[in-house]
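Chains, contacts and geometry: an overview
Chain by chain, the residues run as shown.
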Amino acid sequence: MLALTAAVVAAAFSAPSLVSAFPTGTTRCPPLSGNLTLHQFQLYPEKIVWDPTRCVFYNGALYNSSLVTYDPYQNKVVSIRTFDGITGNAFQHIGGTGYDPVTDSLTIISNPANEFITGGKDRRGTPWAWSLNLKTGQQSDKTNLTVLLNDQFSGFQDVVYDTRGNVYLIGTQPSSIVKFDPTMASGSLWWGVSPGNFSQSGIAGAATVGDVIVADDGLSGDLLRFDATQSKGEPETVKVTPAHKIATHSDAIYFPEAYCSTVLLVTEDEVGVSVFRSRDRQWREAEYLGLIAKDDIVPQDSFITTVLTVTNSIYVLPSFFLDNLVTFGAGNRSDFPLIDITARVAALAGAAPSSCSSKC
C-alpha cells in the first residue's frame, strides 16, 4: 500500500496548488457524448459524481485518499483537496462520494483500505464520513463510524439523500444504512442486519426517487425498497419480472435523469449493467429488461463500479483494482476511461422521452 504524504500526493498528481474553493456554478453544462478519458497519474476513481452546475467531476482518488476535481471540457484536474489523517494514510481509502444539489455539498467516505479485498479480515484503518460545502470549501467535523456504530458495521460505499436533505450512508460489511441530518452533525443506525459479521457482503449501492430509497443487495440478489419518511428503515423486496438475481459483487445503482425515475441501472462489477423499469415510479414492482454485458463495454481487467448521467449521456466507470494486486496499492495507470452506454440503455429501455411528464 502506498504511504504518501500530502506533498507527495501533490507532486505525483502533477496538479495545480491544493485549493479549498470550487468552480463557480453555471446554469447549464455543454453536452458531452462519446467515450471520455480522465488523464491523471494514479487517479484510480471508484466512485465519481457529476456536478451539473459547475460542470466538473468529483473523484475520490481511491489509493491516494484525496478529492480530485476534474474538468472534462479542459480535460484536466483543476484542484486536489487533501484531508488531515486521511490523505497519505496507507490504511485509508476514499471510495464513496455523493453530491447533494439541495445543500450544494459533497459527502465523502473513507474506509479501511483492505477490508473489501480481504473480505473483512483486514480492518486496519477507520471508517470516516464528513461533508464539504462547495460554496465555501468548509469541511464538517469527521464522524468516526466505528465509534458511532459500536464497531458493528463497516464498508460504506455509497451516499444518497432524501427530499429533506438527510444523508444516508450505504454500508456493505455487513448491510447497513446510517442516517445523518443535512449538516452531518448527528447520525445513527437507520437499518442493519448481522451486526459484527464483517465477512458478509450485502447492499452496496442505493438511489432515490423522492423519499423512496432503492438498494441492491448482493447477499439475497434482490432489490430492496425503503421509505425514507419512516423513523427506521424497513426493507421491502422489489418484485422483479422476469426474475433476475443481482451478482454478489454489485456496486452503484442509478436512476438516469432522462428516464424520469422509471429506469434503474445496477452495476454488477464482474457481470455488467442490469436494466430495470418501474413504469409507475413506485419501485414496488419492476421489469427486468436485460443486461449490458461487461465484456462488451469495458476492458476485461476492470470492474464496473459507477454509472451516472453527464449532461445528456449515460456513462459507466471501470475500476482497475488488479493493477497492483500484490500490495493492494495504486498502479502506474494514468488514463481512466468513462464509457458512453446511452445507446445500449436505449436498446433495452427504449428512447428516453423528450421531457419528464406523466407519460414517462
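Given the structure is predicted, the values throughout are model-derived calculations rather than measurements.

In terms of helices and strands, the chain carries three helices and 25 strands. Along the longest, intermediate and shortest principal axes, the C-alpha atoms of the chain span 55 × 45 × 40 Å. Expressed as a percentage of the 360 residues in the chain, the buried residues total 56%. Residue pairs at least 24 apart in sequence account for 54% of intrachain contacts in the chain once pairs closer than 6 positions are excluded. By element, 51% of the accessible surface of the chain is carried by carbon and sulfur atoms, the whole surface being about 14100 Å². Positive and negative side-chain charges in the chain, numbering 24 and 34 respectively, have mean positions lying 4 Å apart.

This brings us to empty space enclosed by the protein. According to the stated counting rule, one finds two cavities of 30 Å³ or more in the structure shown. Here the largest cavity defines a volume of roughly 40 Å³. When its residues are assigned to classes, the lining of the largest cavity shows eight nonpolar, one polar and no charged. By volume, the second largest cavity is sized at about 30 Å³. Its residues assigned to classes, the lining of the second largest cavity comprises four nonpolar, five polar and one charged.

Spatial ordering of the open sheet is given by β1-β25-β24-β23, a layout of four strands whose pairing is antiparallel. Of all strands in the sheet, those bounded by a partner on one side alone are β1 (36-39) and β23 (303-310). Neighbour-to-neighbour, the strand axes of the sheet open up by a mean angle of 30°, direction not taken into account.

A few words on the layout of surface pockets. Roughly 1400 Å³ of internal volume is contained in the largest pocket. Those elements that place two or more of their residues in the lining of the largest pocket are β2 (45-51), β6 (92-100), β10 (154-161), β14 (203-209), β19 (250-254), β23, β24 (313-319) and α3 (342-349). For the lining of the largest pocket, the element with the highest residue contribution is β23, accounting for five residues. Taken together, the residues of the lining of the largest pocket sort by class into 31 nonpolar, 13 polar and six charged.

Here the focus is the side chain of T172. The topology assignment puts T172 in strand β11 (residues 167-173). The buried category is assigned to T172, whose relative accessible area is 5%. Not counting the four nearest positions on each side in its chain, T172 is found in contact with F116, S154, G155, Q157, Q200, S201, G202, I203 and A204.

Glancing now at the nonpolar core. Generally speaking, nonpolar side chains in soluble globular proteins are found buried as a group. Ranked by internal contacts, the top residues of the largest apolar core, which has 43 residues, are F57, I297, L308, V316, L338 and I341. Once you skip the residues sitting within four places of it in the chain, L308 turns out to touch I48, V49, W50, F57, Y254, S313, I314, Y315 and L338. V212, L264, V266 and F276 belong to the second-largest nonpolar core, a separate cluster that totals 16 residues.

Let us now look at the pattern of salt bridges. Taken as a whole and judged by the stated rule, the model has 16 salt bridges. With a closest N to O distance of 2.7 Å, D104 and R54 form a salt bridge. In this pair, D104 is assigned in the loop between β6 and β7 (105-112) and R54 in the loop between β2 and β3 (56-61), connecting sequence segments 50 residues apart. The buried category is assigned to D104, whose relative accessible area is 7%. Overall, R54 belongs to the buried group, its relative accessible area being 9%. Here E287 makes a salt bridge to R277, at a shortest N to O gap of 3.2 Å. Residue E287 is located in strand β22 (residues 285-293), and its partner R277 is located in strand β21 (residues 272-277); the two are separated by ten residues in the primary sequence. Residue E287 is classed as partly exposed on the basis of its relative accessible area, which comes to 26%.

Low-pLDDT portions of the prediction should not be read for the details of their coordinates. Of the residues in the chain, 90% reach a pLDDT of 70 or more, and the chain-wide mean stands at 90. Counting interchain partners and residues more than four positions distant, the pLDDT-below-50 stretch residues 1-20 has 50 contacts.

Following Q173, the chain continues into P174 via a peptide bond in cis, with omega recorded as -15°. Of note, Q42 is a non-glycine position whose phi angle comes to about 60°, a positive value. Following the sequence through the fold, Q42 ends up in the loop between β1 and β2. One non-glycine residue, D151, adopts positive backbone phi at about 55°. Note on placement: D151 falls in the loop between α2 (145-148) and β10.

With that out of the way, let us pick up the packing of aromatic side chains. Using the criterion set out here, one finds ten aromatic pairs in the structure. Geometrically, the ring pair formed by Y44 and F336 is edge-to-face, given 4.9 Å between the ring centres and 70° between the ring planes. Here Y44, found in the loop between β1 and β2, pairs with F336, found in strand β25 (residues 335-340); they are 292 residues apart in sequence, far enough to count as distant. On the basis of relative accessibility, which here comes to 3%, the residue Y44 falls in the buried class. For F336, a relative accessible area of 1% gives the class buried. The lysine or arginine in question, R123, covers the ring of F198, its NZ or CZ lying 3.6 Å from the ring centre. The ring of W128 has K142 sitting right over it, with the charged end atom 5.6 Å from the ring centre.

Quick notes on the rules
Starting afresh in each chain, residues are numbered from 1 along the sequence in its written order. Since the coordinates come from a predicted model, pLDDT governs what is reported: local features require at least 70, and pairs of side-chain atoms require 80 or more to be given and counted, while whole-chain, interface and lining totals use all residues. Here the side-chain values reflect all heavy atoms present in the structure, with hydrogen atoms and water set aside. Only runs of H or I of at least four residues qualify as helices and only runs of E of at least two qualify as strands under DSSP, and these elements are numbered from the N terminus. Relative accessibility under 20% of the residue-type maximum defines a buried residue, over 50% an exposed one, and the middle range a partly exposed one, all with a 1.4 Å probe and only protein chains included. Contact criterion: two residues are considered in contact whenever any of their non-hydrogen atoms come within 4.5 Å of each other. Residue burial considers only the protein chains on display, and all accessible areas are found by Shrake-Rupley using a 1.4 Å probe. None of His or the chain ends enter the tally, which takes Lys and Arg as positive and Asp and Glu as negative. Every charge is mapped onto a representative atom, which is NZ of Lys, CZ of Arg, CG of Asp or CD of Glu. Any residue with an atom within 4 Å of a point lines the site, the site being either a cavity, points on a 1 Å grid over the protein atoms alone where a 1.4 Å probe fits but cannot get out, or a pocket, an open set with protein on both sides within 12 Å along at least 5 of 7 lines. Grid points are joined across faces, edges and corners, and a volume is the space filled by probe spheres set on the points. Any residue that is not Ala, Val, Leu, Ile, Met, Phe, Trp, Tyr, Cys, Pro, Asp, Glu, Lys or Arg is counted as polar, Gly included; the first ten are nonpolar and the last four charged. Pairing between strands requires that DSSP locate at least two bridges from one strand to the other. Each axis is a line fitted through C-alpha atoms, taken for helices only over the stretch in contact, and angles between the N-to-C directions span 0 to 180 degrees. By nonpolar core we mean a set of buried residues, namely Ala, Val, Leu, Ile, Met, Phe, Trp, Tyr and Cys, connected to one another through side-chain atoms within 4.5 Å. In the sections that follow, a salt bridge refers to a side-chain nitrogen of Lys or Arg positioned within 4 Å of a carboxyl oxygen of Asp or Glu. The predictor's confidence in any single residue is recorded as pLDDT, a number from 0 to 100. Aromatic contacts are taken between Phe, Tyr and Trp rings whose centres are within 6.5 Å, Trp giving its six-membered ring; a plane angle under 30 degrees counts as stacked, one over 60 as edge-to-face, and the others as tilted. Throughout this description, the term charge over a ring refers to an Arg CZ or Lys NZ atom that lies within 6 Å of the ring centre and within 35 degrees of the ring normal.

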